[in-house]
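So you can see what is in the structure, the chains are spelled out below.
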Amino acid sequence: TGPTRSECLGDFLRITLSAEYFEDKYLSLFVVDQSGTAWELDEAMAAQCGYTVTYTTCGSIQVRASALSCHSHLEKDVFTVTIQIKASHTPDMSNATTHLKSACCHYGPWSPREIKCENNYMEVSVRREVPQTIKDFVQDAPEDWTFVFQKAKAEEASIWQIVFHQPEEKRALLMSNAWSAGYGLNASDSRVLLRVPYAAAQVQLVEVGVLLLAQQAARLCRSNQIPSLQDQGITFSVLRSSAFYKYQWVILMVDTTVACPVDGVDYTNKTITWTIPKYIPPLSAGMTSLKDVLVEAGVDLHKLSPKEMASRKYVLLNELTTITMKIPIGAEGGYYKTSVSNGQLGVKYTINLFLEHQWEDNKWGLTKHTIIKEIEAPFEQAEVVITNNLNLSAGIMNVTVGTFLPDAELVNLTFEGVVVAVPEALQHGYLIHRTRYANGSKAYVLQVPLDAPSLKIEYMGEDMRAYTLNVTLTFITYPSRETFVVPVVALSAVKDAVLPSATGFCDGRNLHLIITHGNVDQNWLPFISDWHLTQEVAQKYNYILRDNGTHLAISVPFLSPHVSYEGFHTSAIKASFYLTLKDDITLAQRRDFSVSCLFSPSELIQCLPNGTVIITAIKLVGGEDLDTALLVLRDRQCKPGLVTERTATFKFNVNTCGTSRKFNSTTVTYENEVLYFRPGDDIPIYQLKFLCSYAVEQTADVPYESKKNPPPSIQPGSGCLALSLKLFKEKSYSEPYQESEYPVVKYLREALYFEVELLQPKDARLDLNLDDCWATNSQSQDSLPQWHILIHGCENNKDSYRTVFHEVNYSPRVKFPQHLKRFEVRMFTFVQDTSLLQE
């Protein structure tokens, strides 16, 4: 527990820095020597001094130290290493905290020659031979040694030198120069050490053969002789060298050749096969016999017994000339780490194997060769699973991305072309959670509000909407610092579409269409035919276009270019206005609305008192190809005085243009027709009849005699009166609502046109007067609350919108105007405190 822990593993000490303590911190590592001096542990120093720093997928850092590492203290086969860790939240290491870890391990007994092959260096240490000294020898003076030292320098190898044996030459370096070149040299009382980084200048690559003929193999097995190897084989990194050191009067030389395998790994049938030759010529120089003593293997420097290997399905083969390990990819002991290939995310199975081979020979006695090999299996592409869950009630889309291995970390998001670091994502509405699982893997959960810019909401048709999140996640791997991206396109289809709806109505001169917005038409545009209805277009045609965010209102005059007409009769003409909502990008038709009303022909016909008639003829549905300039009256010489694309206006006297007339006792009626003939045809294809009626005036001389009549008196009486109360659709009082049309839906402040008529008796001497009229909240006339519309025959002066009376004139329907009263009321609702009693 705590920030660090240590472990002794043979002739290695391993110190592990806990991810829990040091995650998300910047670290600097140092090795502290016996004097208390701290040496920074960078890559070069680690390879030269016998340290290896590795990063695990769990985020922890491991430091391995060799028993003979620099700045460690070795005493009586116990070596002690002290590591200093500085941790800071900032790259400049300001306000860093310091942790000190000291650990010791026992190691022994030592073999005459020990060779280590670490991931970043090769190391060889040999027993230091002490020659027999002359008994009772006493050096007279320091100058004696100086004289011998000068003579020794003239020899091929000087004191404290290392000589590299290259094929073409031998090269000698003093110890100080060798240290500057990156080599690690050391000599204790009992051993001489050489440590070599793999990238050192004098290192050679040598192939070691592994194939033998069967007969030769059998013979060598009987004789324990060193076999001859073929040329092809496994590549080794080799440094042939001799180290020279002094002991009193003597300059001694020791063979410090070291060899470590570079390859020898094969991947077949999901299995890692690692092959090591037993007999390595650079290490076998001068030998005539060799015998196996021990072959052991394991993982992460832990030796495994045959039973443990079998449980993990490992195979260790100790054959005549080779040692082979077979590991199934994915087996226990290894781990997967994140890998990136050509921008694609994948994984590589990694296992840190080690092999210890001990043999005896006639030159060294016992040699221990320890090989640490980190093996990576080939790249395997990985798929990222993306799941999403739309929570409409919370207004959030939850998207889970993963899983990922512990060594991959989300660093930023890209949406709408903007790159945002993870800590800043919350400012853009993104809430990011990291979910960890028991096996160490993790997933990321993005919580995105439904109004986020990168979350697109599209109408799919019927009652469906699609919520689509389009964001790119950028990850980085540790410690390799490779980057990869994961495009996230999460889509949810939900039945939550609210389509726009519309109501229409007309007044005496205009058609009105009110569209209530839904939640899918924010980007739908109003079109009339192929014309986009903008404010500029509306002003051009004297239309009124308003949008308050919740409702779109369009008002179109009765005589407008975009109004269609059909069913022109003497009593009414049907006019229709059509509107289409289209997608603003694709212009696909999304929704159609229309309003149709019956208008009085009086809008088109004017019968002036002086006998002048003005009539406007209009194109009807189905006659779009009609040329209005060719319209005529019965007398084809009478042509329109004003022509537009859709209308033709005639002005003439009732005594001209072929007008006919009819008489009855009270009126004279004039009739004519607007006609359209195709060239050369006498049968009209368009025929619009119209008439004007005038009252016949009669005068007569009537003698009368003035008498003094008694003053009029009013006699109260009783009788049965039949009355009706009707609601009409517009101000002309031409079309009442029928029983089947109730209940009638009206909005606040819309006009209600009422008519009260005395049906019986039909007595011209009677006048109908309205004394008291009121509205109730139910069908019972006595229910409460009540609101008075007329009080004592007058408007209610408490009304914000006063009742308006309309004049009643004689018409074919109205024989006794004095029997009718008409008035207009603005729509209202009953309210108690702030609550509506009725919609």
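Rules behind the numbers
Residues numbered from 1 in each chain as written. Predicted model: local features only at pLDDT ≥ 70, side-chain atom pairs only at ≥ 80, totals over all residues. Heavy atoms only, no water. Salt bridge = Lys/Arg side-chain N within 4 Å of Asp/Glu carboxyl O. Buried < 20%, exposed > 50% of the residue type's maximum accessible area, 1.4 Å probe, protein only. Core = buried A, V, L, I, M, F, W, Y, C linked by side-chain atoms within 4.5 Å. Helix = DSSP H or I, 4+ residues; strand = E, 2+ residues; numbered from the N terminus. Domains from an automatic or database assignment. Pairing = 2+ DSSP bridges. Axes fitted to C-alpha atoms, helices over the stretch in contact; angles between N-to-C directions. 1 Å grid on protein atoms, 1.4 Å probe; cavity = no way out; pocket = protein on both sides within 12 Å on 5 of 7 lines; lining within 4 Å. Points joined across faces, edges and corners; volume = space filled by probe spheres on them. Nonpolar A, V, L, I, M, F, W, Y, C, P; charged D, E, K, R; others polar. Lys, Arg positive; Asp, Glu negative; His and termini not counted. Polar contact = N/O pair within 3.5 Å; in protein donor to acceptor, adjacent residues only side chain to side chain. Contact = heavy atoms within 4.5 Å.

Per an unreviewed UniProt entry, the protein is named ZP2 protein, and its organism is Nesospiza acunhae.

Caption draft 1: Representation of the pattern of salt bridges in the model. Tallied over the entire structure, the rule returns 29 salt bridges. Put simply, Glu 296 and Lys 303 hold a salt bridge, and the shortest N to O gap is 2.9 Å. Overall, the relative accessible area of 43% leaves Lys 303 in the partly exposed class. Through salt bridges with shared partners, a single network forms among Asp 11, Lys 116, Glu 123 and Arg 195.

Caption draft 2: Region of the structure containing the nonpolar core. One finds Val 196, Ile 327 and Ile 351 to be the most contacted residues of the largest nonpolar core, which totals 57 residues. A per-element tally of this core places strand β28 (residues 344-361) first, with five residues. Counting residues in each nonpolar core, the second largest holds 54 residues, with Trp 524, Leu 631, Phe 650 and Tyr 676 among its members.

Caption draft 3: Quick look at the domain arrangement of the protein. One can read the domain layout of the protein as domain 1 (4-108), domain 2 (124-130 + 152-213 + 232-376), domain 3 (397-494), domain 4 (501-599), domain 5 (602-695) and domain 6 (722-836). Placing a centre on the C-alpha atoms of domain 1 and another on those of domain 4 gives a separation of 80 Å.

Caption draft 4: Seen up close, the pairing of strand β3 (residues 26-32). Burial analysis of β3 places five of its seven residues in the buried class, which makes it a mostly covered element. Pairing of β3 with strand β8 (residues 78-88), which is carried by six bridges, proceeds in the antiparallel orientation. Counterpart to Leu 29 in the pairing with β8 is Ile 85. Direction of pairing for β3 relative to strand β4 (residues 38-40): antiparallel, over a ladder of three bridges. Bridge pairing in β4 places Val 32 opposite Ala 38. What sits between the antiparallel neighbours β3 and β4 is a turn of five residues, in which Gly 36 has the positive phi angle 95°.

Caption draft 5: View of the sheet that holds strand β26 (residues 322-328). Taken in spatial order, the four strands make up an open sheet running β21-β22-β26-β25, and their pairing is antiparallel. Bordering the open sheet on either side are β21 (265-268) and β25 (315-318), each of which pairs with just one other strand. Strand-to-strand, the axes of this sheet are offset by a mean angle of 15°, without reference to chain direction. Inspection of the sheet shows β21 paired to strand β22 (residues 271-277) by four bridges, in the antiparallel sense. Pairing of Tyr 267 across the sheet is with Ile 272, part of β22.

Caption draft 6: Seen up close, empty space enclosed by the protein. The full count for this structure, using the stated rule, is one cavity of 30 Å³ or more. Approximately 40 Å³ is the volume attributed to the largest cavity. Residue contributions to the lining of the largest cavity peak at three residues, all from β28. Residues belonging to the lining of the largest cavity are distributed by class as follows: six nonpolar, two polar and one charged.

Caption draft 7: Geometry of the side chain of Lys 373. Examined against the element boundaries, Lys 373 turns out to sit in strand β29 (residues 365-376). It turns out Lys 373 is buried and unbridged, and the closest side chain with the opposite charge, Asp 263, is 6.9 Å from it. Among the polar contacts listed, one links the side chain of Lys 373 to the backbone oxygen of Val 262, at a separation of 2.8 Å. Lys 373 has contacts with Asn 119, Pro 261, Val 262, Asp 263, Val 265, Trp 274, Ile 351, Asn 352 and Leu 353, leaving out every residue within four places of it along the chain.

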